[in-house]
Amino acid sequence: MIVCVAIVGHQNNPLYIQSFTDGDDALKLHHVVHCSLDVVDERVNNPKKSGPMLNETYLGLLYPTENYKVYGYLTNTKVKFISVTTDLDVKDADVRNFFRKFHAAYVDAVSNPFHVPGKKITSKTFAERISTIVKAFGLSSAG
Amino acid sequence: MGREVSESCVESLLIEMVSSYCNRFYADKQELAARRIEAIGYQVGHQLSERYTMERPRFSDHLEAIKFICKDFWSEIFKKQIDNLKTNHRGTFVLQDNHFRWLSRMSIESSPEMVVSSPDGEDKASQAMSMHLYFPCGIIRGALSNLGIPCAVSADISSLPACSFVIRIKA
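By convention here, each chain's residues receive numbers from 1 onward along its written sequence. Here every chain gets a letter starting at A, and every ligand a number starting at 1, in the order they are written. Only residues with pLDDT of at least 70 get local features here, since the model is predicted, and only at 80 or more are side-chain atom pairs given and counted; chain-wide, interface and lining totals rely on the full set of residues. Here the side-chain values reflect all heavy atoms present in the structure, with hydrogen atoms and water set aside.

You'll find chain B entered in an unreviewed UniProt entry as Trafficking protein particle complex subunit 6B, with Trapa incisa given as the organism. UniProt positions are given in the numbering used here, feature names are shortened, and annotations may be inferred rather than shown by experiment. Per its UniProt entry, chain B bears the Sequence similarities (unreviewed entry) comment "Belongs to the TRAPP small subunits family. BET3 subfamily."

For chain A, an unreviewed UniProt entry supplies the name Trafficking protein particle complex subunit 2-like protein and the organism Trapa incisa. In its Sequence similarities (unreviewed entry) section, UniProt records this for chain A: "Belongs to the TRAPP small subunits family. Sedlin subfamily."

1. Some remarks on the pairing of strand β4 (residues 163–169) of chain B
Residues and elements named next belong to chain B. Each residue is assigned to one of three classes by its accessible area relative to the maximum for its type, calculated with a 1.4 Å probe on protein chains only: buried under 20%, partly exposed between the two thresholds, exposed over 50%. Helix and strand assignments come from DSSP, with helices taken as H or I runs of at least 4 residues and strands as E runs of at least 2, each series counted from the N terminus. Taking burial as the measure, the 7 residues of β4 include 6 buried ones, the bulk of the element. With 6 bridges joining them, strand β2 (residues 92–97) and β4 adopt antiparallel strand pairing. Within β4, the residue paired with L95 across the bridge is F165. Only strands joined by at least two bridges in the DSSP assignment are considered to pair. Two strands pair when backbone bridges link them, and strand β3 (residues 151–156) and β4 are joined in this way by 6 bridges, in the antiparallel orientation. Looking across to β4, one finds that C151 is bridged to I169.

2. Notes on the interface of chain B and chain A
Accessible area lost when the parts come together is the quantity often used to give the size of an interface. Working rule for contacts: check all heavy atoms of both residues, and any pair within 4.5 Å makes them a contact. At the junction of the two partners, chain B supplies 16 residues and chain A supplies 25 residues. Here chain B meets chain A over a buried area of about 1800 Å², counting both sides, of which 48% is carbon and sulfur. By salt bridge we mean one thing: a side-chain nitrogen of Lys or Arg within 4 Å of a carboxyl oxygen of Asp or Glu. Applying the counting criterion to the chain B and chain A interface returns 1 salt bridge. For R51 of chain B, the salt bridge identified is with D108 of chain A, shortest N-O distance 3.0 Å. By convention, the term buried area covers the 1.4 Å-probe accessible surface removed from two parts as they join, with the contributions of both added.

3. Concerning the side chain of T53 of chain B
Residue position: T53 of chain B is located in the loop between α2 (30–52) and α3 (62–78). Not counting residues up to four positions away in its chain, the partners in contact with T53 of chain B are N76 and T77 of chain A together with F59, F68 and L147 of chain B.

This is the structure in structure tokens:
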């Protein structure tokens, strides 16, 4: 189950961050997302460590903490998508699929003429779409 | 999920946009009109590049990004690719489109009713024509800066209907 998703711009400015838990872990999840940004930068700037898949958008598992797994995705426009999940066995294909739908929703939100590039995404349609995608991810990996 | 609009609508909108900015909003400040039009193009290019780079892997260097502009980006917007790409390998690229779609129905021959001496008439006509080029220059600049490449873009219409765009990458 995905507990938190975040979109971070190319200057590491937050564009959208949303947690899907009931508890008060929101701050802890924000901290996890923040730490993962360093891992993304390291992966991108260090070609030896990332291996053959240097130019792919999907970055894979960034780092596992004791309860969470953090996945990353970097677009061509240097925008990072981070997803934090509590599932222990997550199929790579499911996460890739999730990020693809997430990217499509992001592109639609950014194409809004009233959206200011670099500022936070405030569209309610976008928020609803993201929660639909997150719920669909939960269902597909549980089945 | 995409809705389609007829091409003539888009062209009419662009022509009206240039005409409004040059003749109504900034009638005696052509420089400002040009900059506003270029800024609109910048935002459009920014958003379009986000959409058209969606499925692609990341670019490894500037040349790949410019090639993307010449091939995929240009075909999405103008249904054709750039015909000729030249570079001096030091940050300047010249993109030549032999039949630029948005200018294909415009001519810069001054009309016989205008009683002006011929060099002046041609200058005014080509200046009016060049206002229409600020928007595509802005689109290219917006797309490249979203890909992390700050640059300056200018256009050259010395040989219609061919049109060249000169991209100078800021170091």
